[in-house]
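# Notes for the structure review
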Amino acid sequence: MPRRAADEPRGSCVPPIEVAFPDLARWEAGNAGVPYVWTFASRAAGPHVVVQALTHGNEVCGAIAVDRLLDEGVRPARGTLTFVFANVAAYGSFDPAEPFASRCVDEDFNRVWSADVLDGPRESRDLARARELRPVIDRADALIDLHSMTDPCPPLALAGARAKGLALARAVGVPEHIVVDAGHAAGRRLRDYAFFDDPADPRAALLVECGQHWERAAPGVALESTLRFLAHFGTIGRAEADARLGPARTPAQRAIAVTDVVTIASDRFAFAFPVHGLMVVEKAGTLLATDGDREVRTPHDDCVLVMPTRRPKSGETAVRLGQFVP
Ligand SMILES: [Zn+2]
């Protein structure tokens, strides 16, 4: 029997791995002075758009999409286009017997994106890679950061807390659901780094959760989100995006504003009923979970459950609660 990571509840179902993990060694050299970073500039002026995969090492869908776009030789019609495979060390440690263990190496690469951490004394392999990539990010006018989720859930755009993030998610047009949120207490995400979170600065980022980590459909969501993002900025033509994807789908998007974060405080956290991502609990005051002796109840009517965990762990986020906004 394969050994499970200590924090994985025994017998919990690990979703099937339906996609192949590409060998990224051919991209290691890069062409911009940083390993696994490829930059291409057009003669025509335009914004610098960065497409990042593998912020989390086991979130392979973005790597599959970027590997394909690099392989096909996609180049910008205007401006500059940069592809980044971020936490390749974590990716390289993937073990199908412990598929959740390769999210990061030492610490979460997506909780270190504040000046006090990046400029501070802390050392870790993930932080070293963030410091190596920081000048690349500093040159970006726009960033799409490709992620996926532990548990099955419809794809989500995480727009951050600023109006420009929501406007960008709507301009890109996919995925259907947009989450307006301020991130995590544990540390700043790349999508909220510096100027991306400054309402007075036009530079903007979008994080896309493309589905469950290893589900067959996730790489297609990553590819579609990326190509629509590039077309929005004129990096590629809309006709090129349509030629690759078929005519643009225009789902009526729905935005969810996060109102509460439920953080697990005990070793006895349990939801009161089976939950799933984007489930709506109709009545305020409904018992949602118990956490030791604490009861967690829904704070308002039509409460949307954003990414509820199936692997509760003290100190981590159990679920974010939100409501649909116009
Ligand atoms: Zn992620």
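Every chain is numbered on its own, with residues counted from 1 as its sequence reads. With the structure being a predicted model, the display of local features is reserved for residues of pLDDT at least 70 and the display and counting of side-chain atom pairs for 80 or more, all residues being used for whole-chain, interface and lining totals. Heavy atoms from the whole structure form the basis of all side-chain values; hydrogens and water molecules are not counted.

So, about the domain arrangement of the chain. A common way to express how large an interface is: the accessible area buried when the components associate. As used throughout, domain bounds are those supplied by an automatic or database domain assignment. You can read the domains of the chain as domain 1 (25-254) and domain 2 (258-325). On a C-alpha basis, the centres of domain 1 and domain 2 stand 27 Å from each other. Counting residues at the interface gives 19 residues for domain 1, matched by 13 residues for domain 2. Both faces considered, domain 1 and domain 2 share a buried interface measuring about 1,300 Å² in area, 62% of it formed by carbon and sulfur atoms. Buried area: the accessible surface (1.4 Å probe) lost by two parts on joining, summed over both. Of all residues in domain 1, Asp151, His184 and Arg254 bury the most surface against domain 2, accounting for 32% of the area lost on that side. Salt bridges are counted wherever a side-chain nitrogen of Lys or Arg sits within 4 Å of a carboxyl oxygen of Asp or Glu. Linking domain 1 with domain 2 are three salt bridges, by the criterion used here. Across the salt bridge formed by Arg320 and Asp181, the nearest N and O atoms sit 2.5 Å from each other. Polar contact criterion, stated in full: a pair of N or O atoms within 3.5 Å, where within protein one must be able to donate a hydrogen and the other to accept it, and residues adjacent in sequence count only if both atoms are side-chain atoms. Our count for the contact surface shared by domain 1 and domain 2 stands at four residue pairs in polar contact (both at pLDDT 80 or more). Of all the secondary-structure elements, those providing two or more residues to the side of domain 1 that touches domain 2 are β5 (156-158) and β6 (177-180). Counted by class, the side of domain 1 that touches domain 2 contains nine nonpolar, four polar and six charged residues. Note on definitions: a residue-residue contact is assigned when non-hydrogen atoms from the two residues lie within 4.5 Å. Numbered from the N terminus, helices here are DSSP runs of H or I no shorter than four residues, and strands are runs of E no shorter than two. Ten residue types, Ala, Val, Leu, Ile, Met, Phe, Trp, Tyr, Cys and Pro, are classed as nonpolar, four, Asp, Glu, Lys and Arg, as charged, and the remainder, Gly among them, as polar.

Further remarks concern the coordination of the zinc ion. The protein atoms that coordinate the zinc ion are His56 (ND1), Glu59 (OE), Glu59 (OE) and His147 (ND1), at distances of 2.0 to 2.4 Å. Sites may look incomplete, because water is not among the atoms used; the donor set itself consists of N, O and S atoms within 2.8 Å of the metal (3.2 Å for Na, K and Ca). One chain supplies every donor for the zinc ion, spaced along it as H-x2-E-x87-H. You can see His56 sitting in the loop between β2 (48-53) and α1 (60-71) and its partner His147 sitting in strand β4 (residues 142-149), a full 91 residues away along the chain. Across the pair, exposure class does not vary: His56 and His147 are buried alike. Whether a residue is buried, partly exposed or exposed follows from its accessible area with a 1.4 Å probe, protein chains only, as a fraction of its type maximum: under 20%, in between, or over 50%, in that order.

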